[in-house]
Amino acid sequence: MAPELDPLQAHFQEGVAPDEIEQVFHLKRAQPMLSAFTALFHGTQDGVLVRLLVLRELAGDTASSAFSRADINQKLAYLIPESLETVLNRLRGHGLLAWDAPAAVYRITPLARNVLSALETLLALGKPEDDDAEMGFLLSQVAGAQAVGGVTVDQLKHLLGRLIELTEEFRDAIASGSEFRLRTSQAKWHMACDWVEKGSVILRAITSDERADSATHRAAQAIGRAQSALLNMQGMFSRALNQIERQRVHLGQSGLSTTDVKRWLLAHEDLASLASGAIDRPVTPLFGTPAEMIDVAETELLAERVISTGPKGLPSGQDAPLTINDNPAMMVELNDWINKLADFANLGNFPEFSEVGPRRVQLHESLLPASFALASYRASLLPLLGDASEASLQGATADLARLPLSFEAQDQLIELDDPEVAAMSIATLSINLDLPSDGTPT
């Protein structure tokens, strides 16, 4: 009779026996514990939740160590009988519940309490808001094992692996140059340092323990080096953030930076909602239908082409004509606009415009009449009025910035009777009484 083949062998290469691998030996030795986890977590997520619910409810009752079926039905009355019966049979079949036939009661097994204890520790530390909860769980396992004298090399390697992962994550964040990623990683680094400080106490106890073998000492020393590398990253975070601060772009004289704008945009879950009400007129698409395409094609096909019979070679080269324009059109418009604003600043009003108040005029009266392009060009220059950084320079725009005028706009539109401009933002142009006519502070 042929020997029965090990089903596990089907997962390994030919010629490799599973029992020759050390990890397989350790896992097979822990088969009862693994079967308990299989009983709890095999199947759908809803089934897992119900099994854990039943087991935690029974184990959490310390008033009695045994439960009759009537007690269980009363305690878990919110479950339907069929589901409760299925869960109890599964837990009993895998050694998580023990059935005492003489007394006709169920009892929680020590294996079930060990499984629940491990899960409770993980659930307590694994809250979604704690980014470094996994490190706290690993450290708690090492601390607990050290307290009872049973810390293993595998537990230390898990903690060492997590420290290395965190270090690489922080280095990637620093290399990215992203301020938001740096800020997030720095906050996570501070939380990790709190766990490192607690872990240092445990590591000192492990390294000073004479009962620990050489492999445990080497793992503890490697953890110490990883912790040192993690703590030394504070300077790297500071240098990267200082570099970003020096390169920050500010938006004019508003005091806002591109970081402030990005942070404000990230605070909105639906960016498309910001455009609500911003576009009054919908876009009208134009489509080329087959009828128009045929008309254009017929015109091109039937059009008489003049066939050139001249020479086919390239024309001889010619020098480009020289044109001299000492007074570009935009510069002329800018000078005229500056003279007009200077006249208003000196006389107190535009002679041809009506005043809205003392030394103040409506903006649309100062910009119009003009073409749409010219009115837009003039309006684009108005934010330069009173700009101290621009006024310190030389040139026409600097002269404009030094004019003692103030520009005030509102978030409303006024309809205009103009052939080029249908509407314009309500705004006023007024004389700044704090500045003399030359634009220098008094």
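Note that the coordinates shown come from a computational prediction; the quantities given were computed from them, not determined experimentally.

What counts and how
- Residues numbered from 1 in each chain as written.
- Predicted model: local features only at pLDDT ≥ 70, side-chain atom pairs only at ≥ 80, totals over all residues.
- Heavy atoms only, no water.
- Helix = DSSP H or I, 4+ residues; strand = E, 2+ residues; numbered from the N terminus.
- Buried < 20%, exposed > 50% of the residue type's maximum accessible area, 1.4 Å probe, protein only.
- Contact = heavy atoms within 4.5 Å.
- Areas by Shrake-Rupley, 256 points an atom, 1.4 Å probe, with all protein chains shown as cover.
- Phe/Tyr/Trp six-rings, centres within 6.5 Å; stacked < 30°, edge-to-face > 60°.
- Core = buried A, V, L, I, M, F, W, Y, C linked by side-chain atoms within 4.5 Å.
- Pairing = 2+ DSSP bridges.
- Expected span 1.5 Å × (residues − 1).
- Arc of directions from axis to C-beta.
- pLDDT = per-residue confidence, 0-100.
- Axes fitted to C-alpha atoms, helices over the stretch in contact; angles between N-to-C directions.
- Parallel < 35°, antiparallel > 145°, perpendicular 65-115°, else oblique.
- Left-handed = near helix turned anticlockwise from the far one by under 90°.
- Nonpolar A, V, L, I, M, F, W, Y, C, P; charged D, E, K, R; others polar.
- Salt bridge = Lys/Arg side-chain N within 4 Å of Asp/Glu carboxyl O.

**What to know about the overall build of the chain**
Right, so step 1: The helix and strand inventory of the chain stands at 18 helices and 7 strands.
Right, so step 2: Here the chain holds 442 residues, and 30% of them are scored as buried.
Right, so step 3: For the chain, the share of sequence-separated contacts (at least 6 apart) that also reach a separation of at least 24 residues comes to 54%.
Right, so step 4: Of the accessible surface of the chain, which amounts to about 29,400 Å², a share of 57% is contributed by carbon and sulfur atoms.

**Quick word on the packing of aromatic side chains**
Right, so step 1: Scanning all chains against the criterion turns up 4 aromatic pairs.
Right, so step 2: Between the aromatic rings of Phe37 and Phe41, the centroid separation amounts to 6.2 Å while the plane-to-plane angle is 15°, which identifies the pairing as stacked. With Phe37 and Phe41 both in helix α2 (residues 31–41), this residue pair falls 4 residues apart, about one helical turn.
Right, so step 3: Residue Phe41 is classed as partly exposed on the basis of its relative accessible area, which comes to 36%.
Right, so step 4: Taken together, a centroid distance of 6.3 Å and an interplanar angle of 55° make the contact between Trp189 and Phe237 tilted. Of this pair, Trp189 sits in helix α9 (residues 179–207) while Phe237 is found in helix α11 (residues 234–246), placing the two residues 48 residues apart along the sequence. No difference in accessibility class separates Trp189 from Phe237, as the two residues are buried.
Right, so step 5: Three or more aromatic residues link up through ring pairs in this structure, and these residues are Phe170, Trp189 and Phe237.

**Focus on the nonpolar core**
Right, so step 1: Of all hydrophobic cores here, the largest spans 29 residues; its most connected members are Ile206 and Leu230.
Right, so step 2: Non-local contacts of Leu230, meaning those with residues more than four positions away in its chain, are made with Leu163, Leu166, Thr167, Phe170, Trp189, Ala192 and Val196.

**What to know about unusual backbone geometry**
Right, so step 1: For the bond from Leu368 to Pro369, the omega torsion is 0°, close enough to zero to count as cis.
Right, so step 2: With respect to the secondary-structure elements, Pro369 resides in the loop between α15 (363–367) and α16 (372–381).
Right, so step 3: A positive phi angle, near 55°, is found at Ala104, a position not held by glycine.
Right, so step 4: Relative to the helices and strands, Ala104 is located in the loop between β2 (97–100) and β3 (105–108).

**Side note on the environment of Ala36**
Right, so step 1: Note that Ala36 resides in helix α2.
Right, so step 2: A sequence separation of 55 residues divides Ala36 from Leu91, and the C-alpha atoms of the two residues are 8.2 Å apart.
Right, so step 3: Setting aside residues up to four positions removed in sequence, Ala36 forms contacts with Leu96, Leu111 and Val115.

**What to know about the sheet that holds β3**
Sheet strands pair via backbone hydrogen bonds, and the direction of the pair is either parallel or antiparallel.
Right, so step 1: Pairing within the open sheet is antiparallel, and its 3 strands lie in the order β1-β3-β2. Both outer strands of the open sheet, β1 (66–67) and β2, are each paired with one neighbouring strand and no more.
Right, so step 2: Two elements, β2 and β3, share 4 bridges in a ladder whose sense is antiparallel. Within β3, the position partnered with Trp99 by the bridge is Tyr106.

**Quick word on α11**
Right, so step 1: In this model, α11 (13 residues) spans 19 Å end to end at C-alpha, consistent with the 18 Å of a helix rising 1.5 Å per residue.
Right, so step 2: Buried within α11 are the following residues: Phe237, Ala240, Leu241 and Ile244. On an axial view of α11, the arc spanned by its buried residues comes to 95°, and they lie on one face. Relative to its buried face, α11 has exposed residues pointing more than 90 degrees away, namely Arg239 and Arg246.
Right, so step 3: Each element contacted by the buried residues of α11 is listed here: α8 (153–176) and α9.

**Regarding the confidence of the model for the chain**
Low-pLDDT stretches of the model should not have their predicted coordinates read in fine detail.
Right, so step 1: Residues at a pLDDT of 70 or more form 80% of the chain, whose mean pLDDT is 76.
Right, so step 2: Confidence over residues 349–358 falls short of pLDDT 50; this stretch has 21 contacts with residues more than four positions distant or in other chains.

**Describing the packing of α9 against α11**
Right, so step 1: Contact geometry of α9 with α11 gives a least axis separation of 11 Å together with a crossing angle of 155°. Comparing the axis directions of α9 and α11 gives the class roughly antiparallel. Like other packed secondary-structure pairs, α9 and α11 cross with a definite hand, here left-handed. Residues Glu179, Leu182, Arg183, Ser185, Gln186, Trp189 and His190 of α9 form the contact with α11, whose participating residues are Gln234, Phe237, Ala240, Leu241 and Ile244.
Right, so step 2: A per-class count over the contact of α9 with α11 returns 6 nonpolar, 4 polar and 2 charged.

**Some details on the pattern of salt bridges**
Oppositely charged side chains can form a pair if their charged atoms are brought close together.
Right, so step 1: Counted by the stated rule, this structure contains 5 salt bridges.
Right, so step 2: Between Arg162 and Glu165 there is a salt bridge, with its nearest N and O atoms 2.9 Å apart. Taken together, the positions of Arg162 and Glu165, both in helix α8 and 3 residues apart, correspond to about one turn of that helix.
Right, so step 3: On the basis of relative accessibility, which here comes to 44%, the residue Glu165 falls in the partly exposed class.
Right, so step 4: Notably, a salt bridge pairs Lys188 with Glu169, separated by 3.3 Å at the nearest N-O pair. One end of the pair, Lys188, is in helix α9; the other, Glu169, is in helix α8, with 19 residues separating them in the sequence.
Right, so step 5: Relative accessible area serves as the criterion here: at 13%, Lys188 is assigned to the buried category.

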